[in-house]
Amino acid sequence: MESGGWVDRSVGDGADAGGAGGQAGVCRVVEVSVAFAGYAAVFDVVDRAGDVMRRGAFAGAGVVPLLWQHRGGAVGSLSVVSEDARGLRVEGVVADPELARLVRAGAVAGLSVGYRATSVRQGVRRELLSVDLVEVSLVAVPMQVLARVEVVP
């Protein structure tokens, strides 16, 4: 995974290259995107609504849009969306500069899934056995406490 950015090659009197005492002609990389990886859902864990996602629920899921708080247009892209023994693992890049800054700083670390339930088992808890994955979102407060961004290189 790679972070993106642009290179500022401005040359001036030093004031624009690090303030007083800065060096004119110094290149600095300003990060405008950030790569990340994490779990958008973790199996067999009760979420805040009382639902439990079961292994195999995302079988056949492909890459879907990456949103912010389940709203609006895409704020980046996902390159990996796959189930493993723990849950739904995702890898992607946040392209929105402000959101990328917040993810990089750890201020936004929640992940969440938007889905349509296609098979459920109702007992004490609603067990989601199969879902159609619609989107993955970065969120301030995830419904599932363990659904988190885990890697930001």
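First, a word on scope: everything that follows refers to the structure included in this document.

1. Let's talk about the overall build of the chain
Right, so step 1: Within the chain, the secondary structure is distributed over one helix and ten strands.
Right, so step 2: The secondary structure elements of the chain, listed N-terminal to C-terminal, are β-β-β-β-β-β-β-α-β-β-β.
Right, so step 3: Looking at the chain as a whole, 37% of its 153 residues qualify as buried.
Right, so step 4: Taking contacts inside the chain between residues at least 6 apart in sequence as the whole, the part at least 24 apart equals 65%.
Right, so step 5: Surface accessibility of the chain: about 7,900 Å² in total, with carbon and sulfur atoms responsible for 52%.

2. Describing the pairing of strand β7 (residues 87–94)
Right, so step 1: Of all eight residues that make up β7, six are buried, and the element is covered over most of its length.
Right, so step 2: Across eight bridges, the pairing between strand β3 (residues 34–42) and β7 is antiparallel. Note on β7: the bridge partner recorded for Val34 is Val94.
Right, so step 3: In this structure, strand β6 (residues 71–83) lies alongside β7, joined through seven bridges in antiparallel fashion. Along β7, the bridge assignment pairs Ser77 with Val93.
Right, so step 4: Here β6 hands over to β7 after three residues, the two strands then running antiparallel side by side.

3. Points about unusual backbone geometry
Right, so step 1: The backbone of Asp44 sits at a positive phi, close to 65°, despite the residue not being glycine.
Right, so step 2: Structurally, the position occupied by Asp44 is in the loop between β3 and β4 (51–53).
Right, so step 3: According to the relative accessible area criterion, Asp44 is partly exposed, its value standing at 37%.
Right, so step 4: We note that Gln69 has phi near 60°; this positive angle belongs to a residue other than glycine.

What counts and how
Positions within a chain are numbered from 1, following the residues in the order the chain's sequence is written. The model is predicted, so local features are restricted to residues of pLDDT at least 70 and side-chain atom pairs to those at 80 or more, both for listing and for counting; the totals for chains, interfaces and linings are taken over all residues. The side-chain values count all of the structure's non-hydrogen atoms but skip hydrogen atoms and water molecules. Where helices and strands are cited, they refer to DSSP runs of H or I of at least four residues and of E of at least two residues respectively, numbered from the N terminus. For every residue, the accessible area (1.4 Å probe, protein chains only) is compared with the maximum for its type, and the residue is labelled buried under 20%, exposed over 50%, or partly exposed between those bounds. A contact between two residues is defined here by any heavy atoms of the two lying within 4.5 Å. Every accessible area reported is derived by Shrake-Rupley at a probe size of 1.4 Å, with residue values counting cover from the shown protein chains alone. For two strands to pair, DSSP has to find at least two bridges joining them.

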